[in-house]
Amino acid sequence: MVKRFAIMAVAVPLAAAGARKLSERLEAKRGPSRGSRALREGADFLGGLRGQKKKRRRFAW
């Protein structure tokens, strides 16, 4: 149980941050691509695993 908590509290956010940073560097060097987009989407997915979901607004404004 402690191992699972440590993984979710430390490893997952670090992996998400690393993937996001790598995606930014790839886009800066070579421009947008399928690979950089996949890295960014993977980082968003990992962020969602921890419950860090974006707040939804009820109205568009």
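Below: a short report on this structure. What you are looking at is a predicted structure, and each value in this text was computed from that prediction instead of being measured.

**Side note on the overall build of the protein**
Broken down by element type, the protein carries two helices and zero strands. The burial tally for the protein puts 13% of its 61 residues in the buried class. Summing over all exposed atoms, the protein offers an accessible surface of approximately 5,800 Å²; the carbon and sulfur share of this is 59%.

**Let's talk about the pattern of salt bridges**
Counted according to the given criterion, the structure contains two salt bridges. Between Arg-20 and Asp-44 there is a salt bridge; the shortest N-O distance is 2.6 Å. Note that Arg-20 is positioned in helix α1 (residues 2–30) and Asp-44 in helix α2 (residues 34–49), a separation of 24 residues in sequence. Taking relative accessible area as the criterion, Asp-44 reaches 43% and is therefore assigned partly exposed. With a shortest N-O distance of 2.3 Å, Glu-27 and Arg-40 are connected by a salt bridge. Of the two residues, Glu-27 sits in helix α1 while Arg-40 sits in helix α2, which places them 13 residues apart along the sequence. You can call Glu-27 partly exposed: its relative accessible area is 27%. We classify Arg-40 as partly exposed; its relative accessible area is 31%.

Thresholds applied
Residues numbered from 1 in each chain as written. Predicted model: local features only at pLDDT ≥ 70, side-chain atom pairs only at ≥ 80, totals over all residues. Heavy atoms only, no water. Helix = DSSP H or I, 4+ residues; strand = E, 2+ residues; numbered from the N terminus. Buried < 20%, exposed > 50% of the residue type's maximum accessible area, 1.4 Å probe, protein only. Areas by Shrake-Rupley, 256 points an atom, 1.4 Å probe, with all protein chains shown as cover. Salt bridge = Lys/Arg side-chain N within 4 Å of Asp/Glu carboxyl O.

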